[in-house]
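Geometric and topological summary
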Amino acid sequence: MIVRRVTSLTVAIAAVLFVLWAGALPAYAQATRTWVSGVGDDANPCSRTAPCKTFAGAISKTAAGGEINVLDPGGFGAVTITKSITIDGSGSFAGVLVSGTNAINISTAGVAVTLRNLTIDGLSTGINGINLTAVSALNIDNCRIFGFTQAAINALASGSIVWVHDSDLRFSSVGVDVHAGATVFLDRVRVEQSFTGVRATGLNAIVYLNNSTITGNTFGLTSDPDTQINSFGNNRIAGNGNNGNPSSTVPTR
């Protein structure tokens, strides 16, 4: 009888502890791949069959080094990135539409971020399209960024490296703004219809241009002393109010 009572008490305690432990768990574990949809809901786990509504909702449920994918067309909102992650809009229209704020902030040092196949629209009142304020590695691939009062791409953090491939930057105060100590590579990029196409400002701000077009801007290229805008010699810098000149030309890759 005593053994039975002890056993029953043990089972009851274990059951209570399990309930308490289960209640302390988050509703959803972070996944290496999550999904957003124009008809999703941020209360969902961001799975393929129960997608989230916004990038901000999905990023909290995506593990560091993971990937957010887009299921179908939609506007997925501004997002602040604090971990290594890929946001990929391949195969659909993946929009970020903002007014009076930054569209994508990267604010944590030491992260590696890829942004692919996104359309980022500031509605002529957004501040920066992509705002890099912490030392990070950033890859921007096949994106369209336009309508920002400061810059389409603002590489603010010294020590950061940014690669931009196959992208169009338009209708912003500055297309690519590279600040002290940051390095930006532009490969097959078109920058047009902005006040300044590419600007390097501050000590050791460095830009490399490869097979890119800078046209239709009030100022094409502008740079401060102690900065570099290097051309691989196969760029088209023409049709601006003032084209500007690269700091140097290096052998074509």
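Look above for the structure.
Keep in mind that this is a model prediction, so the values were computed, not measured. (Residues numbered from 1 in each chain as written. Predicted model: local features only at pLDDT ≥ 70, side-chain atom pairs only at ≥ 80, totals over all residues. Heavy atoms only, no water.)

**Overview of the overall build of the protein**
Scanning the protein for helices and strands turns up two helices and 23 strands. Counting over 253 residues, the protein shows a buried share of 46%. Across the protein, every contact between residues at least 6 apart in sequence was considered, and the portion connecting residues at least 24 apart equals 45%. Accessible surface, the protein as shown: approximately 11,400 Å² in total, 58% of it carbon and sulfur. (Helix = DSSP H or I, 4+ residues; strand = E, 2+ residues; numbered from the N terminus. Buried < 20%, exposed > 50% of the residue type's maximum accessible area, 1.4 Å probe, protein only. Contact = heavy atoms within 4.5 Å. Areas by Shrake-Rupley, 256 points an atom, 1.4 Å probe, with all protein chains shown as cover.)

**Describing the state of the cysteines**
By the definition in use, this model includes one disulfide. Between cysteine 46 and cysteine 52 runs a disulfide, and the two sulfur atoms are separated by 1.8 Å. The sign of the S-S torsion, about -70 degrees, decides the handedness of the disulfide formed by cysteine 46 and cysteine 52: left-handed. Of the two residues examined, cysteine 46 and cysteine 52, each falls in the buried class. (Disulfide = S-S within 2.5 Å.)

**Section: the nonpolar core**
In terms of nonpolar packing, the biggest core is built from 52 residues, with Phe55 and Ile81 touching the most fellow members. Here the element with the most residues in this core is strand 11 (residues 144–155); it accounts for five residues. In contact with isoleucine 81, not counting residues within four places along its chain, are Ile59, Ile87, Ile104, Asn105, Ile106, Ser107, Thr108, Val113 and Leu115. (Core = buried A, V, L, I, M, F, W, Y, C linked by side-chain atoms within 4.5 Å.)

**Focus on the pattern of salt bridges**
Side-chain pairs of opposite charge can arise where the charged atoms are in close proximity. Evaluated as defined, the whole model comprises nine salt bridges. Across the pair aspartate 166 and arginine 188 runs a salt bridge, and its minimum N-O distance is 2.6 Å. Here aspartate 166, found in the loop between strand 12 (161–165) and strand 13 (168–170), pairs with arginine 188, found in the loop between strand 15 (183–187) and strand 16 (190–192); they are 22 residues apart in sequence, far enough to count as distant. By relative accessible area, which is 32% here, aspartate 166 ends up partly exposed. Relative accessible area serves as the criterion here: at 39%, arginine 188 is assigned to the partly exposed category. (Salt bridge = Lys/Arg side-chain N within 4 Å of Asp/Glu carboxyl O.)

**Some details on the environment of asparagine 235**
Looking at the secondary structure, you find asparagine 235 in the loop between strand 21 (228–231) and strand 22 (236–237). Taking the C-alpha atoms as reference points, asparagine 235 and asparagine 211, separated by 24 residues in sequence, lie 4.7 Å from one another. A distance of 3.3 Å separates a polar atom in the side chain of asparagine 235 from the backbone nitrogen of asparagine 210. A distance of 2.8 Å separates the side chain of asparagine 235 from the side chain of serine 231, its partner in a polar contact. (Polar contact = N/O pair within 3.5 Å; in protein donor to acceptor, adjacent residues only side chain to side chain.)

**Looking at the sheet that holds strand 5 (residues 85–88)**
Judged by pairing direction, the sheet is parallel, and its 10 strands sit side by side in the order 1-2-5-8-10-12-15-18-21-23 without closing on themselves. Strands with a single pairing partner mark the edges of an open sheet, and in this sheet they are strand 1 (31–36) and strand 23 (248–249). Pairing of strand 5 with strand 8 (residues 112–116), which is carried by four bridges, proceeds in the parallel orientation. By the bridge assignment, isoleucine 85 is partnered in strand 8 with valine 113. (Pairing = 2+ DSSP bridges.)

Geometric descriptors of this kind do not, in isolation, establish any biological role.
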